[in-house]
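Okay, here's what each chain looks like letter by letter:
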Amino acid sequence: MDVQPWYFMMEKHTHKAFTNEKGIAIGPYSYDEYVERVKSFHGAVAPGVAIGGFMVDLALRNLPKGEFFDAVCETRACLPDAVQLLTPCTIGNGWLRIINLGRYAVTLYEKFGGEGVRVFVDPGKLEAWPEIDAWFFKRKSKEEQDIDLLMTEIREAGARYCGIQKVQLTSRFTRAERRGDFSICPICMESYPVADGGICRACQGDANYYVTESEDLRKDTEAPGLKKVPLEEAVGLKVLHDMTQIVPGQEKGPAFKRDHRISPGDLCRLQQMGRKNIYTMETGPEESEWVHEDRAALAFAKAMAGEGITFTETPAEGKADLLAERDGLLVVDEKGLEAFNTVSGVMCASRHN
Ligand SMILES: [Zn+2]
């Protein structure tokens, strides 16, 4: 027997709260049952989850036919919990996704074809419910808010201040295109979707929400042994790295080479280059955990040069060139090149294969 889920059998296009024998209904629950569930799931009776309940209910009643659907919320606040309470879609099973556009809107859609409905709060219709209007636009402080009046209005309004539109989801949201291969990231050695590139998104620089004990916060601080000296105190110091001056229309090159000792006459030019500070090293480079950019470039060049390739032995400005040792056909390890180029702070430019 072809069993249709309960929501397909309900009245369509009704913005008024749907009622059944239990009174006002949200999904399979009475309004009061739903509010109880919100309490235990969300931690409190949040007005946003109550409003979200009516929105999800409206979307469910207008869903196109189809057995499976996915959800997208356009806000992180409250609304995702209404989806998780009323549908099988959760963040954990991947059927609910949040695209944080900051709008109070939810879309439910048939997951294979992408046909769906989007329900949103329509501020133009909020006039009839001043307490909801004030809450929605955060016009009242928590103390000024009359929570009982607000909840009464929410209960009475149902989804009447909501807009609804038919939408077609783009292909990246439909199930057929979602599955992808997983691989091991060569940097962190954890698994990640291959579609993200040669290395995982965290190693591409998106993992800035934590540091580990061994990493500490060095990235944001000065390198050990490095000291920033204001330009006016820099006379007599040795330049630590090549400094480039770019003159439009002319070839750029190092204006100051490493180990150049700064003379009073250099200050004006350094100022023109926009330098306010000079880096100097208090301890010898041997004692530092840091590697000079030229040494790093040389190490990369050594590792990258394959058969028939040679490289500049004395990199400058943190750059080494890879050169053909003989005539032949250039073959690039594209995966390796892509992985290298997604690491922040380094770049390898190459000719095509
Ligand atoms: Zn990684």
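Bear in mind the structure is a predicted one, so any value in this text is a computation, not a measurement.

Conventions and cut-offs
- Residues numbered from 1 in each chain as written.
- Predicted model: local features only at pLDDT ≥ 70, side-chain atom pairs only at ≥ 80, totals over all residues.
- Heavy atoms only, no water.
- Helix = DSSP H or I, 4+ residues; strand = E, 2+ residues; numbered from the N terminus.
- Contact = heavy atoms within 4.5 Å.
- Areas by Shrake-Rupley, 256 points an atom, 1.4 Å probe, with all protein chains shown as cover.
- Salt bridge = Lys/Arg side-chain N within 4 Å of Asp/Glu carboxyl O.
- Buried < 20%, exposed > 50% of the residue type's maximum accessible area, 1.4 Å probe, protein only.
- Axes fitted to C-alpha atoms, helices over the stretch in contact; angles between N-to-C directions.
- Parallel < 35°, antiparallel > 145°, perpendicular 65-115°, else oblique.
- Left-handed = near helix turned anticlockwise from the far one by under 90°.
- Nonpolar A, V, L, I, M, F, W, Y, C, P; charged D, E, K, R; others polar.
- Donors = N, O, S within 2.8 Å, 3.2 Å for Na, K, Ca; no water.
- Tetrahedral: all angles 85-135°; square planar, octahedral: opposite > 155°, others 65-115°.
- Patch = residues over 30% accessible without salt bridge, like charges linked within 9 Å, V, L, I, M, F, W, Y side chains within 5 Å.
- Phe/Tyr/Trp six-rings, centres within 6.5 Å; stacked < 30°, edge-to-face > 60°.
- Lys NZ or Arg CZ within 6 Å of the ring centre and 35° of its normal.

1. Points about the overall build of the protein
Summing up its helical and strand segments, the protein has nine helices and 16 strands in all. Within the protein, contacts between residues separated by at least 24 positions form 59% of all contacts whose residues are at least 6 apart in sequence. Summing over all exposed atoms, the protein offers an accessible surface of approximately 21900 Å²; the carbon and sulfur share of this is 52%.

2. Focus on the pattern of salt bridges
Scanning the model with the defined rule gives ten salt bridges in all. Of the charged contacts, one joins Asp 32 and Arg 155 as a salt bridge, the two residues approaching to 3.1 Å between their closest N and O atoms. On the criterion of sequence distance, the pair formed by Asp 32 in helix H1 (residues 31-42) and Arg 155 in helix H5 (residues 147-157) is long-range, its members being 123 residues apart. Take Asp 32: its relative accessible area is 47%, and that puts it in the partly exposed class. The partner of Glu 74 in a salt bridge is Arg 103, with the nearest N and O atoms 2.9 Å apart. Linking Glu 74 in the loop between strand S4 (69-73) and helix H3 (79-86) with Arg 103 in the loop between strand S5 (96-98) and strand S6 (105-110), this pair joins segments that are 29 residues apart in sequence. A residue is classified by how much of its surface remains accessible, and Glu 74, at 6% relative accessible area, is buried.

3. Regarding the packing of H1 against helix H2 (residues 47-61)
Closest axis-to-axis distance for the H1/H2 pair is 10 Å, and the angle between their directions is 130°. Classified by the angle between their axes, H1 and H2 sit oblique to one another. The crossing of H1 and H2 is right-handed. Residue-level contacts link Tyr 31, Tyr 34, Val 38 and His 42 of H1 to Val 49, Ala 50, Gly 52, Gly 53 and Phe 54 of H2. Residues of the contact of H1 with H2, tallied by class, amount to six nonpolar, three polar and no charged.

4. A few points about the coordination of the zinc ion
Bound to the zinc ion are the protein donor atoms Cys 185 (SG), Cys 188 (SG), Cys 200 (SG) and Cys 203 (SG), situated 2.3 to 2.4 Å from the metal. One can describe the donor arrangement at the zinc ion as tetrahedral, given that its four donor atoms subtend angles of 106 to 116° at the metal. When the donors of the zinc ion are listed by position in the chain, the intervening gaps give C-x2-C-x11-C-x2-C. With a gap of 15 residues between them, Cys 185 in the loop between strand S9 (182-184) and strand S10 (191-193) and Cys 200 in the loop between S10 and helix H6 (202-206) connect regions that are remote in the sequence.

5. Details of a nonpolar patch on the surface
Side chains of Phe 300, Met 304 and Leu 322 sit close together on the surface and give an oily, nonpolar patch of about 240 Å² of accessible area. With respect to the element layout, Phe 300 can be found in helix H8 (residues 293-304).

6. Quick notes on the environment of Ile 164
Locating Ile 164 in the fold gives a position in strand S8 (residues 162-168). On the basis of relative accessibility, which here comes to 25%, the residue Ile 164 falls in the partly exposed class.

7. Quick word on unusual backbone geometry
The phi torsion at Cys 78 lies on the positive side, around 60°, for a residue other than glycine. In this fold, Cys 78 is placed in the loop between S4 and H3. Classification of Cys 78 as partly exposed rests on a relative accessible area of 21%.

8. Focus on the environment of Val 235
Tracing the sequence through the fold places Val 235 in the loop between strand S11 (226-230) and strand S12 (243-245). Along the sequence, Val 235 and Ser 263 sit 28 residues apart, while their C-alpha atoms lie 5.3 Å from each other.

9. Considerations on the packing of aromatic side chains
All chains considered together, the criterion is met by seven aromatic pairs. Plain terms: the ring middles of Trp 135 and Phe 136 are 6.4 Å apart, the flat faces sit at 50° to each other, and that makes the pair tilted. One aromatic cluster is present, formed by Tyr 104, Trp 135, Phe 136 and Phe 137 through successive ring pairs. Here the basic side chain of Lys 111 rests over the ring of Trp 95, its NZ or CZ set 3.7 Å away from the ring centre.

10. Focus on the side chain of Thr 107
Tracing the sequence through the fold places Thr 107 in strand S6. Taking the relative accessible area as the measure of exposure, Thr 107 reaches 7% and is therefore buried. When neighbours within four sequence positions are excluded, Thr 107 is seen to be in contact with Asp 70, Ala 71, Val 72, Glu 74, Val 117, Arg 118, Val 167 and Leu 169.

11. Observations concerning the environment of Val 83
Relative to the elements of secondary structure, Val 83 occurs in helix H3. Residue classification places Val 83 among the buried positions, given a relative accessible area of 0%. Sequence-wise, Val 83 and Val 72 are eleven residues apart; in three dimensions their C-alpha atoms are separated by 9.1 Å. With residues near it in sequence (within four places) discarded, Val 83 still touches Val 56, Ala 71, Cys 73, Cys 89, Leu 96 and Val 106.

12. Focus on the side chain of Thr 87
Checked against the element boundaries, Thr 87 lands in the loop between H3 and S5. Aside from chain neighbours lying at most four places away, what touches Thr 87 is Val 56, Leu 60 and Phe 69.

So far we have only geometry, and geometry alone does not tell us how the molecule works.
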